[in-house]
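# A structural walkthrough
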Amino acid sequence: TQGKAGFYARYGASLDEDSSWKLSAQGRHAEPSKQAASGAYAEDRLNTAAVDMRFDKKLGGGSDLALWGNAMTSNLGDSMTLDLSSLNSLVIVPVTSKQRDSSQTIAGRYRWLSDAGIESSLQMSAQASSLEVEGFLKEERRTYDLDYQGRYAFSAHDVIWGLSHRTTSDSYTTNPLILSFNPREFTQRSTGIFLQDEWTLIPETLQFGMGARWDSTNLGGNTFAPNATLMWTPTRSDTLWAKYAQAPRLPSRAEQNVTILNAVRPAQAPIPVPIVMRTTGDGSLTAEKMEGVELGYRSQLSTTFNVDVTAYRYRYTDIVGGKAGSQDFVFFPLFIVQNVSLCNVGKGWINGAELATDWLITPAWRVQLSYTWTRIAMDDSSNPIVQGAGNNDEVGTPRHYGSLRSQWNLSATQQFDAWVRGSAGYDRVNAPYTNLVRIPGYVTLDLRYAHRLNKDLELAITGRNLVGAHRTEFISDYIPSVPVEIAPSLLLSARWRF
């Protein structure tokens, strides 16, 4: 009922008892959504297509070979509420743009078992991809990956180690009045090694795991990420675990080397003219860092009911943020360009808890309940840009999210599923402006009825977002896309196996 359609087909066969192949193709089409503010049709018409192939062969002696490849193309429209056609004009109106994506990948993996009992895997891949956002940028990229992994179990230890290398080269063509990259072409090289040991201290009762990963890249420097896990299973139906880990997030090219006009602060006292934010990365960013602990408990309370509870606390440092620089005055019309340089300045906490239950009420009826609570608390900062971004982060994520799913096999040929889900509301920066917009919370319902006509053919009808008014679930805070609405819909689908 919303002009959405999808197609997927896969066919495979065995060449002999050790070799097989499969080929698949899929496509997707979606008519435009409706704009949340006006109800008029948006520009987000979507068309995608992809083909995949894979070949597998057992070579004997515990070794095998896999080769695969795929190609994808996608076309998507969008409307963005920012038109800076020149530095001498400032127009805040929707601008229609088209996005085109394509990629082609070939890859292979060889696995073997040595006489000493070491399991090894070597995987290589090459990808060519392109991305074009009409009127804004075009990216051409080549990526090569090499990955080795080994595993050896001895005594009470299960040791996994590996190394990887990636080379990715990009080239950008941009609208220099809106964004630019310096340098325009860049080759990023990343190399990493890791070691992980799962040590059984008491068989079937107590296990301790520890490991670390080291990475080096010419876009962000070196990172080190250790981890440790203690898992206690006092009974066959109960497990308690605790985990400590550090993890980095390396800066992207769009942070390190970009200059972009990405926000507008409307005229307001004491400054009676608009302010355009121009963000620049000078290549000096290092990795953001996370240090966290998690505690969990999992129990099989009965043969038909289990529960899983997790609590976590993460500390984030060196978060990429902005520092105010010089101001440029532009006339005809009059506005101010505020220069902002990207740097590692933010700090904060994320605390949360998750609950999941699974209840098999009857052999034909399963009910699953999940709930998530999340709270972000950023450190105060004397830097007004960092302080503002931290305040936005704190209110920009829903505190509560819940889900209740029911899967019911009415008979051997009929299935009826229901999914009730809901989210608390939150506040989001309205790009390209800097004001906050409230996204209300919601509760909605999805239903699905499927009927298998015979052992090969199944028909299904699905209703999505059947409860509640038309709503907005997301507003982009960086790319100024026009928000669209989520509306009720019906989908008819068929699956044929032969």
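The coordinates are above.
So, here's what we can say about the structure. (Residues numbered from 1 in each chain as written. Predicted model: local features only at pLDDT ≥ 70, side-chain atom pairs only at ≥ 80, totals over all residues. Heavy atoms only, no water.)

## Some points on the overall build of the chain
Our working rule: Labels follow the DSSP assignment, with helices taken as runs of H or I lasting at least four residues and strands as runs of E lasting at least two, numbered in each case from the N terminus. For every residue, the accessible area (1.4 Å probe, protein chains only) is compared with the maximum for its type, and the residue is labelled buried under 20%, exposed over 50%, or partly exposed between those bounds. Should any heavy atoms of two residues lie within 4.5 Å, those residues are counted as being in contact. Residue exposure ignores everything except the shown protein chains as possible cover, and the areas themselves are Shrake-Rupley values with a 1.4 Å probe.
When its secondary structure is counted, the chain shows two helices and 28 strands. Among the 498 residues that make up the chain, the fraction classed as buried is 34%. Partitioning the intrachain contacts of the chain with sequence separation of at least 6 by distance along the chain shows that 55% fall at a separation of at least 24. When the accessible surface of the chain is totalled, it reaches about 28100 Å², and 59% of it is carbon and sulfur.

## Some thoughts on the nonpolar core
Selection rule: For the purposes of this section, nonpolar cores are sets of buried Ala, Val, Leu, Ile, Met, Phe, Trp, Tyr and Cys residues that join through side-chain atoms within 4.5 Å.
Among the nonpolar cores identified, the biggest contains 10 residues, and these are Met80, Val133, Phe136, Leu137, Tyr172, Ile178, Leu179, Phe181, Val258 and Ile260. If we ignore the near neighbours within four places in the chain, the residues touching Ile260 are Ile178, Leu179, Met277, Arg278, Thr279 and Tyr478.

## Points about the pattern of salt bridges
The test is simple: A carboxyl oxygen of Asp or Glu within 4 Å of a side-chain nitrogen of Lys or Arg is what we treat as a salt bridge.
This structure, assessed with the given rule, holds 26 salt bridges. One salt bridge in this structure joins Arg45 and Glu31, with 3.3 Å as the shortest N-O distance. Of this pair, Arg45 sits in the loop between β2 (19-30) and β3 (46-60) while Glu31 sits in the loop between β2 and β3, and the two are 14 residues apart along the sequence. Classification of Arg45 by relative accessible area gives partly exposed; the value is 36%. A relative accessible area of 31% means that Glu31 is categorised as partly exposed. Between Arg111 and Asp64 there is a salt bridge, with its nearest N and O atoms 3.1 Å apart. With Arg111 in strand β7 (residues 95-113) and Asp64 in strand β4 (residues 63-80), this residue pair connects regions lying 47 residues apart in the sequence.

## Digging into the side chain of Thr223
Among the secondary structure elements, Thr223 is positioned in strand β14 (residues 221-235). What Thr223 contacts, discounting residues up to four positions off in sequence, is Arg213, Trp214, Asp215, Pro248, Leu250 and Ala287.

## Here we look at the packing of aromatic side chains
So the rule is basically this: For Phe, Tyr and Trp, where Trp contributes only its six-membered ring, two rings pair if their centres lie within 6.5 Å, and the inter-plane angle classes them as stacked under 30 degrees, edge-to-face over 60, or tilted in between. Distance and angle both matter: a charge sits over a ring if NZ of Lys or CZ of Arg is within 6 Å of the ring centre and within 35 degrees of the ring normal.
What the rule picks out here adds up to 10 aromatic pairs. Ring geometry for Tyr110 and Trp112: centres 5.1 Å apart, planes at 20°, overall stacked. For the ring pair Tyr172 and Phe181, a centre distance of 3.9 Å and an interplane angle of 15° mean the geometry is stacked. On the basis of relative accessible area, Tyr172 is assigned to the buried category, the value being 7%. Here Phe181 falls in the buried class, since its relative accessible area comes to 11%. Through a chain of ring-to-ring contacts, three or more aromatic side chains come together here, namely Tyr11, Trp21, Trp496 and Phe498. When the ring centre of Tyr41 is taken as reference, the NZ or CZ atom of Lys34 above it lies at 5.4 Å. Above the face of the Trp419 ring, Arg405 is positioned so that its terminal group lies 4.2 Å from the ring centre.

## Side note on the pairing of strand β24 (residues 426-429)
Selection rule: Note: two strands are recorded as paired if DSSP finds a minimum of 2 bridges between them.
Pairing of β24 with strand β25 (residues 436-439), which is carried by four bridges, proceeds in the antiparallel orientation. Residue pairing for β25: Arg428 is matched across the bridge by Val437.

## A closer look at the pairing of strand β16 (residues 258-265)
Taking burial as the measure, the eight residues of β16 include six buried ones, the bulk of the element. Relative to strand β17 (residues 275-280), β16 is paired through six bridges, and the arrangement is antiparallel. Across the sheet, the residue bridging to Ile260 is Thr279, located in β17.

## Considering a nonpolar patch on the surface
Our working rule: The patch calculation keeps residues exceeding 30% relative accessible area without a salt bridge and links them within 9 Å when they carry like charges or within 5 Å when they are nonpolar (Val, Leu, Ile, Met, Phe, Trp, Tyr).
On the surface, Trp359, Ile361, Trp365, Trp408, Leu410, Phe416, Tyr449, Ile461, Leu466, Val467, Leu490 and Leu492 cluster together to form a nonpolar patch covering roughly 1100 Å² of accessible area. Listing elements by their share of the nonpolar patch, those giving two or more residues are β20 (335-362) and β28 (489-496). Examined against the element boundaries, Leu492 turns out to sit in strand β28. In this structure Leu492 comes out as exposed when scored by relative accessible area, which is 70%.

## Topic: a positive patch on the surface
As a reminder of what qualifies: Positive charges come from Lys and Arg alone, negative charges from Asp and Glu alone, with His and the N- and C-terminal ends not counted. A charged residue contributes its charge at one atom only: NZ of Lys, CZ of Arg, CG of Asp or CD of Glu.
On the surface, a cluster of positive charge is contributed by Arg10, Lys22, Arg495 and Arg497. Looking at the secondary structure, you find Arg497 in the segment after β28.

## Things to note about unusual backbone geometry
Cis geometry marks the peptide bond from Asn182 to Pro183; its omega dihedral reads 10°. With phi around 55°, Asn465 is a residue other than glycine that occupies positive phi space. Topologically, Asn465 is positioned in the loop between β27 (457-464) and β28. Classification of Asn465 as buried rests on a relative accessible area of 11%.

## Quick word on the environment of Ala107
Mapping Ala107 onto the fold places it in strand β7. For the pair Ala107 and Asn70, spaced 37 residues apart in sequence, the C-alpha separation works out to 9.1 Å. Other than its neighbours up to four places away in sequence, Ala107 contacts Ala66, Leu67, Trp68, Met124 and Ser125.

## Section: the side chain of Thr472
Topologically, Thr472 is positioned in the loop between β27 and β28. On the accessibility criterion, Thr472 (17% relative accessible area) is buried. Those residues within four positions of Thr472 in sequence are excluded, and the remaining contacts are Ala36, Ile439, Pro483 and Val484.

## Overview of the environment of Asn262
Within the element layout of this structure, Asn262 appears in strand β16. Taking the C-alpha atoms as reference, Asn262 lies 8.7 Å from Leu179; in sequence the two are 83 residues apart. Leave out the neighbours within four places in its chain, and Asn262 touches Met277, Thr279, Pro432 and Tyr478.

## Examining the environment of Ser24
Residue placement: Ser24 occurs in strand β2. As a C-alpha pair, Ser24 and Asp52 span 28 residues in sequence and 5.2 Å in three-dimensional space. If sequence neighbours within four positions are ignored, Ser24 has contacts with Tyr8, Ala9, Arg10, Ala50, Val51 and Asp52.

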